[in-house]
Amino acid sequence: MHEISVMSQLIKAILEKLKDYDFTEVREVEISVGELAFLAEDQLKFAFEVLSENTVLNGAELNIKISKSTVSCESCGYEGPLNVEDDPKYHIAFPIFACPKCNSPVEVIKGRECEVTNVRLAIEEGGKEK
Ligand SMILES: [Zn+2]
């Protein structure tokens with residue numbers, strides 16, 4: 001399952017960043033997923049739950065935002081979103097996307113990213129709690 005490996009990398013990155021902070025609890029993790037990344041929300045949530053177990057992220061809420069894509073076509077000059085159905089044929093490592101106007105292969109400018117956009121921490125006043 002693709003989502004597990006993506007989430008595993010995200011969690012690693014978050015945990016790395018959190019080392020610099022003093023906090024008692026992670027309340028919420030917000031991630032932004034491009035629509036061309038084809039990551040299923042429920043699978044991401046499941047992966048987060050499984051992978052965050054035994055880490056400081058355990059119990060945090062995962063908030064997923066899907067961001068629109070932008071593609072650019074050299075053949076006809078189209079630049080804009082790609083309306084893709086969640087088709088299994090796209091669930092491969094490097095799918096080729098076709099221009100909605102002229103059907104030529106397009107360059108994906110935006111829409112494949114999967115990144116952490118926000119992490120909300122609970123900070124206990126009066127110092128560290130471990
Ligand atoms: Zn085109």
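Residue positions are counted from 1 within each chain, in the order its sequence is given. In keeping with the predicted nature of the model, local features appear solely for residues at pLDDT of at least 70, side-chain atom pairs appear and are counted solely at 80 or more, and the whole-chain, interface and lining totals rest on all residues. Note that the side-chain values use all heavy atoms of the structure and ignore hydrogens as well as water.

A. Layout of the coordination of the zinc ion. Metal-coordinating donors are taken as N, O and S atoms lying within 2.8 Å of the metal, or within 3.2 Å when the metal is Na, K or Ca; because water is left out, some sites can appear incomplete. At 2.3 Å from the zinc ion lie its protein donor atoms, namely Cys73 (SG), Cys76 (SG), Cys99 (SG) and Cys102 (SG). Geometry assignment treats four donors as tetrahedral when all angles are between 85 and 135 degrees, treats four as square planar and six as octahedral when opposite donors are over 155 degrees apart and all others between 65 and 115, and treats everything else as irregular. One can describe the site at the zinc ion as tetrahedral: its four donor atoms subtend angles covering 105 to 112 degrees at the metal. Mapped onto the sequence, the donors of the zinc ion take the spacing C-x2-C-x22-C-x2-C.

B. Highlighting the sheet that holds strand 1 (residues 25-34). Pairing between two strands is assigned when DSSP locates at least 2 bridges connecting them. What counts as a helix is a DSSP run of H or I of at least four residues, what counts as a strand is a run of E of at least two, and both are numbered from the N terminus. Taken in spatial order, the three strands make up an open sheet running 2-1-6, and their pairing is mixed. Each of the sheet's edge strands pairs with one partner strand only, and the pair in question is strand 2 (61-67) and strand 6 (114-122). For this sheet the average axis-to-axis angle between neighbouring strands, irrespective of direction, equals 15 degrees. The pairing of strand 1 with strand 6 spans eight bridges and is antiparallel. Opposite Val26, over in strand 6, you have Leu121 as the bridge partner. Any pair of residues with heavy atoms lying within 4.5 Å of one another is described as a contacting pair. The axes are straight lines fitted to the C-alpha atoms, using for helices just the contacting stretch, and the angles between their N-to-C directions are given from 0 to 180°. On the sheet, helix 1 (residues 2-18) packs against strand 1, strand 2 and strand 6 and is oriented at approximately 45 degrees with respect to strand 6.

C. Broad picture of the sheet that holds strand 3 (residues 70-72). Strand order in the open sheet formed by three strands is 4-3-5, and the pairing between neighbours is antiparallel. One side of each edge strand has no neighbouring strand; the edge strands of this open sheet are strand 4 (79-80) and strand 5 (107-110). Here strand 3 runs beside strand 4; their pairing, made up of two bridges, is antiparallel. In the sheet register, Ser72 faces strand 4, and the bridge partner there is Glu79.

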